[in-house]
Amino acid sequence: MAIQTPLLIVGPFSCQEITKKNSRKDTFTPIDPLALVPKCKSLRDLKQIQAFSIKTQMQNDIFFMSKLINFCTKNPTPAFMYHAHLLFDKIPQSDIVLFNFLARGYARSDTPLNAFVLFLKILTLDVVPDFYTFPSLLKACAGAEALEEGKQLHCLLIKYGLNSDMYVFPALMNMYIECKDNGSARRVFDRIADPCVVTYNAIIMGYVRSSEPNEALLLFRELQVKKIKPSDVTILGVVSSCALLGSLGFGKWVHEYVKKNGFDQYVKVNTALIDMYAKCGSLADAISVFESMPYRDTQAWSAMIMAYAIHGRARCAITLFQEMQNTQVNPDGITFLGLLYACNHSGLIEEGFRFFNSMKENYRIVPGVKHYGCMLDLLARAGRLTDAFKFLTELPILPTLLLWRTLLAACSIHGNVDLGKLVLERIFELDKSHSGDYVIFSNMCARAGKWEEVNYIWKLMKERGIKKIPGCSSVEVNNVLHEFFSGEVTRIEHRELHQEVDKLIEKLKLVGYVPDTSIAFRPGLKDEDKEATLRYHSEKLAITFGLLNSPPGKTIRVVKNLRICGDCHSAAKFISLIFKRNIIIRDLHRFHHFEGGNCSCGDFW
């Protein structure tokens, strides 16, 4: 690398910083440029010190070069990493310590696999990797989701005898987890003779990220049996698992455990508790945790704003944001996402656009795909489908599947078959494998009486081997979570439950419930069978089970894997009225609080 050596270093460093005066001899002697490296504020500053080192014959000093490379990798921007790589290439004899610095930087950069190009080079030079080499390389594989390269590293670890290192194990498990290979991650974990809390944390958080909360909670139980003291990271994983399950009973037990063992001193743990209570349907508990926090950071405020949003309390979310501004806590992208969700679920179009514009103009936050999705949904739910389509096609980013599916759902709500067909074609250009897209368009056409289109869609599903994802709902009774699948009659108790649902539906009809059979079309399905299909949707099974197995007046909380259908929404309102029960249903998008025959969404969903 050719560098032009200046006669005098200029910029942020003064002559007094480069030289110091000896008062006795009245001469100037150069000081160690290493002292200036931490003061650098830019790559230009670093290059000036490097130029000075060349002039003073320090460019071949390994210790000095390690300081320069390490400084670059602490801020792994493309420019810094490029310069660090150039510095490394100029070193006469490669050193594993310097490579480790560089690998760590690449692992945190936007080009993590560049670490492997360099790794292959040092292997050919017979440089032997050490304990610090592989964690960074495995992290690079995780960042790039490079499973094959990760497996090769695993083999190399075994070859070098480093596969039993306590620092390598968590990195190895994390690599497999990020590459969506939980089976391999668990096999690595099971081979650890004496796992510590760090390794437990790695596998627990892996299961949380891959939405396998039951596995995470089983490992937490195992950790307790072994009397291994959990850390705050462990508790974060456990609380997040409760949120995924929607298990309020177990969530409350975990909260007591948190308070008993002093984990409530951690802001992140309290923030996770807010999120957990909100997702388990207990907004009051979420508020209680938030109000009891002595210190609240941006994430805590954002979690509470989001909690209000998903429960349909838009005005509360907006008021809380104003309080957040008064306390001079800066919002982030998640804060505004919560505000946009709140506006979206309440039809507050003007407020939504005001927050969206403020996010970009006042806070310089670049919108992500979820922000755009909220704005698109805000327009689409309000029936402004033409504006929504224009908004989508004029985005500064390429529209994703999520955005197209958001518009498709809105077309279904408002019965715009022509636009829905156009949107479906765009979706199929990106993905033809998701059953929900076919079902939404089929139901839309069925309601419009376009039976040829309906038959064509079902025929297309059959030709492509697409199977409809079954609805699944869970309800917690006496701290036990019970799951139900739509139409499931595999066991005697399920047949008995179906009989109870039949009785329930007859009662609902007496007070005005009318089944919406327009969404129950399937080829070959007779009219008399359509109502029967609707009856045994998973939500109705879960609610009926809750009515039968909980005391009168107790709130029934249901978690569903898909969006609640219009017929179940209508039935839940009638059930809350005649049985005088509060029913809370968490579907794929939001919470519905049913009370006295009304829903918190105001039927705006």
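Conventions and cut-offs
- Residues numbered from 1 in each chain as written.
- Predicted model: local features only at pLDDT ≥ 70, side-chain atom pairs only at ≥ 80, totals over all residues.
- Heavy atoms only, no water.
- Pairing = 2+ DSSP bridges.
- Helix = DSSP H or I, 4+ residues; strand = E, 2+ residues; numbered from the N terminus.
- Expected span 1.5 Å × (residues − 1).
- Buried < 20%, exposed > 50% of the residue type's maximum accessible area, 1.4 Å probe, protein only.
- Contact = heavy atoms within 4.5 Å.
- Polar contact = N/O pair within 3.5 Å; in protein donor to acceptor, adjacent residues only side chain to side chain.
- pLDDT = per-residue confidence, 0-100.
- UniProt positions renumbered as here; feature names shortened; annotations may be inferred.
- Salt bridge = Lys/Arg side-chain N within 4 Å of Asp/Glu carboxyl O.

Our next topic: the pairing of strand 4 (residues 480-485). As judged from the six bridges shared by strand 3 (residues 472-477) and strand 4, these two strands associate in the antiparallel manner. When the bridges of strand 4 are listed, glutamate 476 appears paired with leucine 481. Taking the residues that link successive antiparallel strands as the turn, the strand 3-strand 4 hairpin has two residues, and the phi of asparagine 478 there is positive, at about 55 degrees.

This next bit is on helix 5 (residues 96-107). Residues spaced three or four apart along an α-helix point in a common direction, a consequence of the helix completing one turn every 3.6 residues. For helix 5, built from 12 residues, the straight-helix expectation of 16 Å at 1.5 Å per residue is met to within 8% by its first-to-last C-alpha distance of 16 Å. For helix 5, a buried count of nine out of 12 residues is recorded, marking the element as mostly surrounded by other parts of the structure. Close packing links the buried residues of helix 5 with helix 3 (62-74), helix 4 (78-89), helix 6 (114-124) and helix 7 (133-144). Of the residues that open helix 5, the one with a side-chain oxygen 2.8 Å from the backbone nitrogen of valine 97 is aspartate 95.

A few words now on the confidence of the model for the protein. Mean pLDDT over the protein: 88, with 91% of residues reaching 70 or higher. Below pLDDT 50 for its whole length, residues 1-26 participates in 51 contacts with residues either more than four positions away or in separate chains.

A few words now on the UniProt feature "repeat: PPR" (unreviewed entry) in the protein. Residues annotated in UniProt with the feature "repeat: PPR" (unreviewed entry) correspond here to residues 196-230 and 297-331. Taken end to end, residues 196-230 comprises 74% helix and 0% strand; its first and last C-alpha atoms sit 9 Å apart. Structurally, residues 297-331 is divided into 74% helix and 0% strand, and its ends, taken at the C-alpha atoms, are 9 Å apart.

Moving on: the pattern of salt bridges. Tallied over the full model, the rule gives 21 salt bridges. Ionic pairing is found between glutamate 215 and arginine 186, a salt bridge with its closest N-O pair at 3.8 Å. A residue pair is termed long-range when its members are at least 10 positions apart, and glutamate 215 in helix 12 (residues 213-225) and arginine 186 in helix 10 (residues 182-190) qualify at 29 residues. Note that aspartate 387 and arginine 384 form a salt bridge whose closest N and O atoms lie 3.0 Å from each other. Look at aspartate 387 and you get partly exposed, because its relative accessible area is 34%. Look at arginine 384 and you get partly exposed, because its relative accessible area is 36%. Counted as one network, the salt bridges with shared partners bring together Asp502, Glu506, Lys509 and Arg535.

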